[in-house]
Amino acid sequence: MSAAEHRAARPDAFPANWTSRVAWIGLAVYTIYATSILDITWARFVTGLDNGAKFLARMFPPNMQADKLDLIATGMIESMQIAVLATFFGVLLSLPLGLAAARNLAPSWLAWSARGLIAIFRSFHPVIVSILFVKAVGFGALAGILALIVSSLGFVSKLFAEVVEEMNPKQVEAVRATGANFWNVLVMAVFPQVMARFVGLTVYQFDSNIRNSTMVGIVGGGGIGAPLFTAYQRFDYDVVLTILIIIIAIIMVAELVSGRIRRIFQ
Amino acid sequence: MTDAAARAPRVWTRFSPTERIARSMLYILTAAAVVWSMKAVDIIPEFLYDAPEQTADLFRRMWPFDWSFYPKAVHDALIETFHIATLGTIMAIVLALPLSFLAARNFTSNPILNFIAQFIFVSSRSVNSLIWALLFVAIFGPGALSGVLSIAFRSIGFVGKLFGEALEEAQPGPIEALTAAGAPRSMILVKGYWPQVEPAFWSVALLRWDINIRESAVLGLVGAGGIGVALDAALNNLYWDQVGLILGVIFAVVIVTEVVTSTIRSRII
Amino acid sequence: MSAGALLSLRHLRKEYRAGQPVLKDITLDIDANGLTAIIGPSGTGKSTLIRCINRLVDPTSGEILFEGKDLAKLKGGALRAARRRVGMVFQEYNLVERLTVIENVLTGRLGYVPAWRAFLRKFPEADVTRAFDLIDAVGLNEEFATRRADKLSGGQRQRVGIARALMQEPALILADEPTSSLDPKTSVEIMELLAEVSANRHVPVVVNIHNVDLARRYATRIIGMTGGNVVYDGPPTGLTERDLAHIYGGEDFL
C-alpha cells in the first residue's frame with residue numbers, strides 16, 4: 001500500500017461538519033428573508049424609538065392615586081386567588097392523569113388516551129383556553145381558574161409521567177415480589193421515588209400560574225389583566241406602569257420563594 | 001433476640017415531632033389558602049346552570065369550520081405567526097448568548113458582570129410575552145415587528161438562564177488544558193466550551209422555539225401580529241366557525257412543531 | 001416427586017425468543033429445609049429459573065408446584081397470595097432507596113396490609129415489633145431503623161433485603177446472586193446469614209451464586225446448570241473437578 005493510499009484510508013482528523021454548516025447558512029438566509037417579509041425596517045425602528053420616548057414620558061411618574069391603587073389591589077388579589085385554586089386543583093388532578101400517562105404503569109390503551117388528552121391541554125395558550133371558558137361559564141375568575149387548571153394539567157401531568165417513567169423498575173419489582181397489590185406498590189415503591197420531583201413541579205407550576213393569572217383578565221378571565229388592559233386602551237400609561245411594577249415585583253418574589261422551596265425538596 | 005423480646009415493644013413513627021408539626025402547618029396553610037381563594041369565585045348560578053348548554057352551543061357554532069376563511073385570512077396570518085416565533089427565537093439567542101457567557105461564573109469571574117447579566121435575565125422572564133407585546137405595540141405600533149420583539153425579549157431570560165447554567169456545568173478539564181497550552185480566550189471559547197455545551201444550546205433553542213410557536217399565537221390579541229389578530233377579529237364578530245377553524249389550525253401547528261422538535265432533538269442530542 | 005418436597009418444578013421451559021429456550025425442561029424438587037446453591041456460567045438460565053419460581057418471569061411451559069398449587073397457572077390475587085409465601089433477595093438489593101430501613105423491611109408485609117394503612121404508615125403494631133426484631137437479627141441495630149436505604153453500604157443493604165424477605169414469613173427464600181455486588185468479605189457474611197436463616201428459622205433458601213467456593217462452603221445441596229439443563233444435582237462433597245469442568249465447559253478455566 002502506497003503512502004498516499006494509506007492516507008486516503010484514514011478518516012480526516014477534523015471532518016468538516018457539513019450538516020452543521022448548512023444549518024447555520026440556512027438559518028442566516030432565513031433570517032434575512034423573514035425580516036424582509038415582515039417589513040421590519042430600520043426606519044420603522046427609528047420612528048419607534050422616537051415614539052418610545054413619548055411613551056415613556058407618559059408612563060412616568062407611575063400613578064399612585066388611592067382609588068387606582070384600590071382597584072389594582074383588588075385585581076391583584078383576585079389574580080393570586082386564581083393562581084392558588086388553579087394550582088391546587090390542577091396539581092391534584094395531574095397526579096392520576098400523570099400516572100395514567102406513564103407507560104411503565106398504565107396499560108397502553110390508557111397511557112395513550114391520557115397522552116392524547118395531555119397533548120390537547122398543552123397545545124393552547126392559557127389565554128386562548130380562557131376565551132373558551134369565558135364563553136362557557138361567563139366572565140369572571142371562574143373562567144380564568146378553569147383555564148389555568150387545564151394548562152396546569154397539561155404541564156404537570158406530562159412532566160410527572162416522564163418522572164414516573166424514569167423511576168427505577170428494580171425497586172418496583174422487589175415490592176411486587178412480596179405479593180403487594182397494585183395500590184400498595186404505588187404507595188410504597190412508586191411514590192417514594194417520584195414524590196420529591198412532583199412537589200418540585202407543583203411549586204414550579206404555582207410560579208407559572210401566578211404569571212398567567214395576571215394575563216387571563218385580558219379576555220375576561222378575571223384578575224389584574226382586565227384593569228391593565230383597560231388602562232392600556234385608554235392610554236392611561238401611568239396606571240399601566242404602576243400595575244406592571246406590582247406584577248413584576250410579585251413575580252420576582254414568587255420566583256425567589258419557589259426556588260428556595262424547590263431546593264429544600266431536592 | 002431474647003434480649004429484644006424482653007424489651008417493651010418499640011414504636012416507630014415516620015416523622016419526628018418537629019417534622020410532624022412542620023407538615024401539619026403546611027397542610028393547614030394550604031387549606032387556608034384554598035379556602036381564602038374560594039372567595040374569588042363568585043358563582044352566578046344562572047351562568048353555571050347555563051354552562052353545559054353554553055358549551056354545547058359553543059361547539060355547535062364552531063362546527064363545521066368555515067373553511068373558506070382559511071385562504072382569506074388565516075393562511076397568511078399563520079405564516080406570519082411562524083416567522084414571528086422563529087425570528088423572535090433567533091433574535092433572543094443572538095442577544096442572550098453573549099449575556100450567558102457574562103452570567104457564567106466559570107467564564108466571567110467579575111461578580112458585577114455576573115449580576116448584571118442575571119438581572120437582565122430575571123427582568124426578561126418576569127414580564128409575560130403579552131405584556132412585552134403591549135409595550136412594543138405602544139412604541140412601534142401594531143404588527144409583526146412588535147411581535148418579534150416581544151417574543152425575543154421574553155425569551156432572552158429563558159435562553160440565557162438555561163444556557164448559562166449549561167456553561168457553568170462544563171467540565172473544567174479541557175478548558176484548563178487549553179489555558180495551559182496558552183490558547184487565546186477566543187480559542188478557549190470555541191474549542192473548550194462550545195463542543196461541551198453545543199447539545200445543551202440546541203436543546204434550549206428548540207425548547208424555546210416550541211414554546212414561542214404557542215406564545216406567538218396569542219400576541220395578536222393585543223395587536224402584535226400573527227394568527228391572534230385573525231382570532232381577535234373572529235371573536236369580536238362572534239364568528240365561532242372561524243374561531244373554531246383558527247383553533248384547529250393552531251392545534252395542528254403545535255402538534256407538527258412538537259413532532260419536528262422531538263425529531264431534531266433525538267437526531268442531534 | 002418425593003412426598004416431602006416443598007417446591008417441585010416439572011418440565012419447566014422458558015423461551016424469551018421462540019425456539020431459543022433459556023431453560024430446557026427443568027425438573028427439580030426442593031425440600032423444606034437446607035440451602036440449595038445453583039451454580040453455572042453466566043447466561044445459563046440460573047436467574048431465569050429463580051425468577052420463574054415467583055413468576056417475575058413467566059415460564060413458557062411446565063409446572064411450578066408449591067404448597068399444593070401450580071404457580072405457573074395462577075393470576076391476579078391468587079398469584080399475589082402465593083408470592084407472599086416466597087421471599088426474594090436481589091443482586092442489587094432493590095431496596096426502595098428513598099424509604100428508611102424499617103419502611104423497607106415493612107414492605108415485606110404489603111401482601112397483608114391494605115394500601116391506606118401503608119400510605120399513612122399505620123402498620124399493625126405486631127409487624128413493627130417484628131420489623132425491629134428482624135433488623136436486629138440480620139445484624140443491624142435500632143439506630144439503622146430510621147436511616148434512609150440510600151445511606152447504607154452494600155452489605156448493610158443486603159441485610160435489609162434479607163430482613164424484608166423474612167418479614168414475609170416465607171415458606172421459601174429465593175436469592176438471585178445475592179453476593180455478586182459485594183466485596184469478598186461481605187459476601188461471606190451474607191452467605192453466612194443466609195445459611196443461618198435456613199438452619200435456625202427452618203426456611204429453605206435457594207440461591208444463585210457464581211462463587212463455587214462459597215457454594216461449597218455454605219450449601220447443603222448444589223445444582224449445577226449449563227446451557228439451560230441441570231447437569232449436577234447432589235451434595236457439595238460430591239462435586240468433583242470433572243463435574244465443574246462439565247458445568248463451566250472445558251478445563252482451561254480451572
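About the cut-offs
- Residues numbered from 1 in each chain as written.
- Chains lettered and ligands numbered in written order.
- Predicted model: local features only at pLDDT ≥ 70, side-chain atom pairs only at ≥ 80, totals over all residues.
- Heavy atoms only, no water.
- 1 Å grid on protein atoms, 1.4 Å probe; cavity = no way out; pocket = protein on both sides within 12 Å on 5 of 7 lines; lining within 4 Å.
- Points joined across faces, edges and corners; volume = space filled by probe spheres on them.
- Helix = DSSP H or I, 4+ residues; strand = E, 2+ residues; numbered from the N terminus.
- Nonpolar A, V, L, I, M, F, W, Y, C, P; charged D, E, K, R; others polar.
- Pairing = 2+ DSSP bridges.
- Contact = heavy atoms within 4.5 Å.
- Axes fitted to C-alpha atoms, helices over the stretch in contact; angles between N-to-C directions.
- Buried area = accessible area lost by both parts, 1.4 Å probe.
- Salt bridge = Lys/Arg side-chain N within 4 Å of Asp/Glu carboxyl O.
- Polar contact = N/O pair within 3.5 Å; in protein donor to acceptor, adjacent residues only side chain to side chain.

Q: Looking at this structure, how should I read empty space enclosed by the protein?
A: It is the rolling of a water-molecule-sized probe over the atoms that shows where space remains empty. Residue and element names in this part refer to chain C. Enumeration according to the criterion identifies one cavity of 30 Å³ or more in this entry. In this model, the largest cavity occupies a volume close to 40 Å³. Residue lining of the largest cavity: Leu7, Leu9, Leu28, Ile30, Ile38, Leu49, Ile53 and Val206, and that is the complete set. Among the secondary structure elements, those contributing two or more residues to the lining of the largest cavity are strand E1 (5-17), strand E2 (20-31) and helix H1 (46-53). Its residues assigned to classes, the lining of the largest cavity comprises eight nonpolar, no polar and no charged.

Q: What exactly am I supposed to notice about the sheet that holds E2 of chain C here?
A: Sheet strands pair by backbone hydrogen bonding; their relative direction is either parallel or antiparallel. All names here are of chain C. Strand order in the open sheet formed by four strands is E2-E1-E4-E5, with antiparallel pairing between adjacent strands. Pairing within the sheet leaves two strands with one partner each, and these edge strands are E2 and strand E5 (69-70). Against the sheet, H1 engages E1, E2 and strand E4 (61-66), with an angle of about 120° to E1.

Q: Quick question: what am I supposed to make of the interface of chain A and chain C here?
A: Accessible area lost upon the coming together of the parts is a frequently used measure of interface size. Chain A puts 20 residues into the contact, and the matching count from chain C is 30 residues. Summing the contributions of chain A and of chain C, the shared interface buries around 2,100 Å²; its carbon and sulfur component is 62%. Inspection of the chain A/chain C interface yields two salt bridges. Across the salt bridge formed by Glu92 of chain C and Lys170 of chain A, the nearest N and O atoms sit 2.2 Å from each other. Joining chain A to chain C, the criterion identifies seven residue pairs in polar contact (both at pLDDT 80 or more). Listed by contribution, the elements that provide at least two residues to the side of chain A that touches chain C are helix H8 (169-177) and helix H9 (182-213) of chain A. Here the side of chain A that touches chain C takes nine residues from H9 of chain A, the largest share from any one element. Here the residues of the side of chain A that touches chain C are counted per class, giving 11 nonpolar, six polar and three charged.

Q: Would you take a moment to explain the sheet that holds strand E9 (residues 221-226) of chain C for this structure?
A: Residue and element names in this part refer to chain C. One open sheet accounts for six strands, arranged E6-E7-E8-E3-E9-E10; its pairing is mixed. With partners counted over all chains shown, the strands left at the sheet margins are strand E6 (86-89) and strand E10 (229-234), one partner each. Within this sheet the neighbouring strands show an average axis-to-axis angle of 20°, counted without direction. Relative to strand E8 (residues 205-208), strand E3 (residues 35-39) is paired through four bridges, and the arrangement is parallel. Residue pairing across strands places Leu35 opposite Val205, the latter belonging to E8.

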